[in-house]
Amino acid sequence: MKVKKTYLFFIIAILFSVYSNGQNTDFYWVKLNKNANRLQGKLRGEYYFNSLVSNSYFFLHKDWQDASITLIDGDVFENIKIRYLAYGDELISYNENIRSYFYMIDKNIVKEFSIKEVLNSGEIKEHKFVKLYFDGILKGDRYFKELYSGTNSLLLYYNIRATKVRQFKDKSGIIRDTEYRMHITYYLHSDDKGFSKLNKTKRSFRRTLPEYKKEIRKIFRQNKISLYDEKSMTQAFKLLDEAGLLQ
Amino acid sequence: MNSKSFIYILIFLVFGHFNASSQTLNYTSDLVLFTDRDFCMSGDTVWFKVCLPDSIQQKENVIRVQLDGKGNNLISNVIKKAENSWAEGFISVPDSLSTGQYFVTAFINSQRNLSDLTFKSKSLLVYNRFEERVSEMDLLARDSFVENIDRNFDIKIESNKEKYASREKVTVNFGFEEEINNVLVRASIVDPLTKEFSGDYKFKLKPSNNLIPDFAEKDGFLISGRVVDAERIPQKGVLVLMSITGEPPYFDYYLSGKDGDFHFFLKNAFGKANIVIQAISGNQNEYFIEQEANYLEKQCELSAQTKILTLIQSEFISTLIKGNFIDRLFRSSNLIQTEYFEMPPRFGVPFYGPPTERVLPDEFIDLPNFNEISKELLFGVQYRNRKGNITIRMINDSQSGGFFINEPLRLLNGIPIFNNSLFSTLNSKDINYIDIVQKERIFGVLSFKGILAVSLHDKSNIWLNQQANIFQFKINCLQPGTEPEYLSVKEINKSTLDSRQVYYWEVIKSDSLKEIEFFLSDLKGEVEISVEGMTAKNKMFRASKTIEVK
């Protein structure tokens, strides 16, 4: 018995020593496979904790979307699973080969990204988001949805904000006092003049372009424009650009 | 003829048609290579220009140019990025290269795995500069010579005189009848032997290594290698890390393939780089890294015939050898910088993201070791030394007050290290800065539990020599832009020997090409002024005129 114990101790000691001498990389790569050998470069970012609350309220998209991401050096990543985090203006990616699954793509390397939406009709609609430096209140890089790009651009900024409300029970029966509400802001953007905020009213267009008040009124009347959603805003913007009022 | 035979003939004809079509669309014929000379001395520099069609340049703009012999012996190779459809660079001919016929070939990486690799290579006769006399030479049979150039193209080449004295200024006028895309004008001394053997030779080639992918190299180039064990058995599934010390440091990874192969793509890296490659595994195995050269080799050995040189040919070579000897005695300058390296960072931030904090030890009191530095300067970094076993832990910013269970990625001059004892002796004076990232960072599919990046003042990375599984290589990256010395020659100092063999070699737009001027050297004999290029209909042409130097 004593001899057996000695042998057992000896074996355990050897195993332990092999384990402790092994090259300890301390970074996770067990799920690394040949598909991860992308020669052009790799995406980078930081771990994102996708809580139940964030999953339910913080994202523009309810599900993961297939996107193509263009980096500032021109490198394009296709078929990346992403969701736009409107609560914080970040791009979250899902990759099952990463232990944490979710990560926030570094904003400073992204130039733009496009999401392909499959409509009920089977058609594919592409939504393009561009990163631009916003020089208004809360300066910094922001992702804007590009609705129209011509002489000037019509941009849309999604922003989910936390608002304190009276206590209520959510779907799961949990009592909450905060609601996360989506705020949508339209901007007219030009490289030289920067951003001008636009509301979904005809008056807002006239105020933004005061020198063309009459023309704007005429164009909107002739084309029976009523501004209530992204589509009508884009249509109105396009008409003004085609009439040469945005130069 | 019955219907069955008719169908067979029809199928045969259709198949034959497709086969012929694929040959006419052969990709390999799209690159056009020009060299500034058809002969040279060993130790010389041969300049090349490769014309790359716009259709290819959109997706691939890096050209590989190689110098090899009649066998499969690669002598030299360079990688050059094309700009405005032209890749212009040089190949150094080794000093010890023996007298013989060699070939310059240009290709792009995406061609390497094509089924039909028929290439045109330029012949280059090399004369060893230590030989006293060359009286015979092994030269390739003329049957593989390619003559697909229109030599009757209508170009007027008029010089101000027909006979010149050495060092005299030559003025040449040109006149074109047809519309032309690119014109390459060359004025060089004529070697009586090369006159017979210069030009393009057609060879069937094959890739030197089938494991290298036919990746389209746009603005960068592939570095390939193999992970092997001590018995040179390829190791698959090994994580290979590549780092380059710099500001910011460069980092990439690759999981070795079934033959132990790995590949990295370096974008816009020019000059000579010191790259550090390490093989990582979960066990204690010792690995070795073997670099793989990317070139093409001939499918079969070429048969050469021994040619006895005429007296004129032999004397011309002797004159060259003597001239070269004197020229080397007096020529001191070498334009080509050997240690130059430039690689603009892809992004403004390091691969590990923006640091939570950057600590500059110079701004604080001198501390004798890393233990003291971590205690005094590195908030949120736990450095413990228990009986020589050093562990480092990083606070996790996203969890209030908690530390990561795993150690952070430790970098020394941008190189990942797994031996913490390398930190122990570092003092404040050794360190330039320390970057701390207190977040879980993702790079591709790797995740790091925080980053501790120590940048030293000394970037020589001498400490690498003592580490297992880490290898340092000096590699030739994209060749930096430079041009031959002789293009800047306006007038030579008359007290020194001028043994230039090439006087003029430039690409000129046909509409601006009317007149050129150049100075002759001390060499006497025939000088050929040639005009080569492509017509607007993409047809190669060549025209030349010979003047005499007495």
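Residues numbered from 1 in each chain as written. Chains lettered and ligands numbered in written order. Predicted model: local features only at pLDDT ≥ 70, side-chain atom pairs only at ≥ 80, totals over all residues. Heavy atoms only, no water.

Novice: Got a minute to help me understand the sheet that holds strand S3 (residues 45-51) of chain B in this structure?
Specialist: Strands pair in a sheet through their backbones, by hydrogen bonds, and they do so in one of two ways: parallel or antiparallel. Residue and element names in this part refer to chain B. Spatially, the 3 strands line up as an open sheet ordered S1-S3-S6, and their pairing is antiparallel. What marks the edges here is a single partner per strand, and that holds for strand S1 (32-35) and strand S6 (86-92). With strand direction ignored, the average angle separating the axes of adjacent strands in the sheet is 25°. Alignment of S1 against S3, held across 4 bridges, turns out to be antiparallel. (Pairing = 2+ DSSP bridges. Helix = DSSP H or I, 4+ residues; strand = E, 2+ residues; numbered from the N terminus. Axes fitted to C-alpha atoms, helices over the stretch in contact; angles between N-to-C directions.)

Novice: Honestly, the pattern of salt bridges in this entry has me stumped. Any pointers?
Specialist: Two side chains bearing opposite charge may form a pair once their charged atoms approach each other closely. Counted according to the given criterion, the structure contains 45 salt bridges over all chains. Among the salt bridges present, the one from lysine 459 of chain B reaches glutamate 247 of chain B, with a minimum N-O distance of 3.9 Å. Taken together, the residues lysine 459 of chain B in the loop between strand S31 (446-456) and strand S32 (470-476) and glutamate 247 of chain B in the loop between strand S17 (239-244) and strand S18 (250-255) connect sequence positions 212 residues apart. By relative accessible area, glutamate 247 of chain B is classed as partly exposed at 46%. If you follow the salt bridges from partner to partner, you end up with Arg38, Asp73 and Asp75 of chain A together with Lys267 and Arg346 of chain B in one network. (Salt bridge = Lys/Arg side-chain N within 4 Å of Asp/Glu carboxyl O. Buried < 20%, exposed > 50% of the residue type's maximum accessible area, 1.4 Å probe, protein only.)

Novice: Would you mind going over the side chain of lysine 298 of chain B with me for this structure?
Specialist: Residues and elements named next belong to chain B. As for its placement among the helices and strands, lysine 298 is situated in strand S22 (residues 296-298). Among the polar contacts listed, one links the side chain of lysine 298 to the backbone oxygen of glycine 69, at a separation of 2.8 Å. Discounting chain neighbours no more than four positions away, the residues touching lysine 298 are Asp68, Gly69, Lys70, Gly71, Asn72, Phe103, Phe203, Lys204, Leu205 and Lys206. (Polar contact = N/O pair within 3.5 Å; in protein donor to acceptor, adjacent residues only side chain to side chain. Contact = heavy atoms within 4.5 Å.)

Novice: In this structure, what is going on with a negative patch on the surface? I would like to understand it.
Specialist: Residue and element names in this part refer to chain B. A cluster of acidic residues, Asp154, Glu177, Glu178 and Glu179, forms a negative patch on the protein surface. One can find glutamate 177 in the loop between strand S13 (169-176) and strand S14 (180-189). You can call glutamate 177 exposed: its relative accessible area is 56%. (Patch = residues over 30% accessible without salt bridge, like charges linked within 9 Å, V, L, I, M, F, W, Y side chains within 5 Å. Areas by Shrake-Rupley, 256 points an atom, 1.4 Å probe, with all protein chains shown as cover. Lys, Arg positive; Asp, Glu negative; His and termini not counted. Charge placed at Lys NZ, Arg CZ, Asp CG, Glu CD.)

Novice: What is the right way to look at the interface of chain A and chain B in this model?
Specialist: Many analyses report the size of an interface as the accessible area lost when the parts associate. Listed per partner, the contact involves 36 residues of chain A and 46 residues of chain B. Buried surface at the junction of chain A and chain B, summed over both partners, amounts to about 3,700 Å²; 56% is from carbon and sulfur atoms. One can count 6 salt bridges joining chain A with chain B. Here chain A and chain B share 12 residue pairs in polar contact (both at pLDDT 80 or more) between them. If you list the elements that add at least two residues to the side of chain A that touches chain B, you get strand S1 (27-28) and strand S2 (44-47) of chain A. Examining the composition of the side of chain A that touches chain B, we find that 4 residues originate from one element, S2 of chain A, more than from any other. Of the residues assigned to the side of chain A that touches chain B, the class counts are 13 nonpolar, 14 polar and 9 charged. Note that S2 of chain A and strand S30 (residues 431-443) of chain B share 3 bridges and pair antiparallel. The residue bridging glutamate 46 of chain A from the neighbouring strand is arginine 441 of chain B, located in S30 of chain B. (Buried area = accessible area lost by both parts, 1.4 Å probe. Nonpolar A, V, L, I, M, F, W, Y, C, P; charged D, E, K, R; others polar.)

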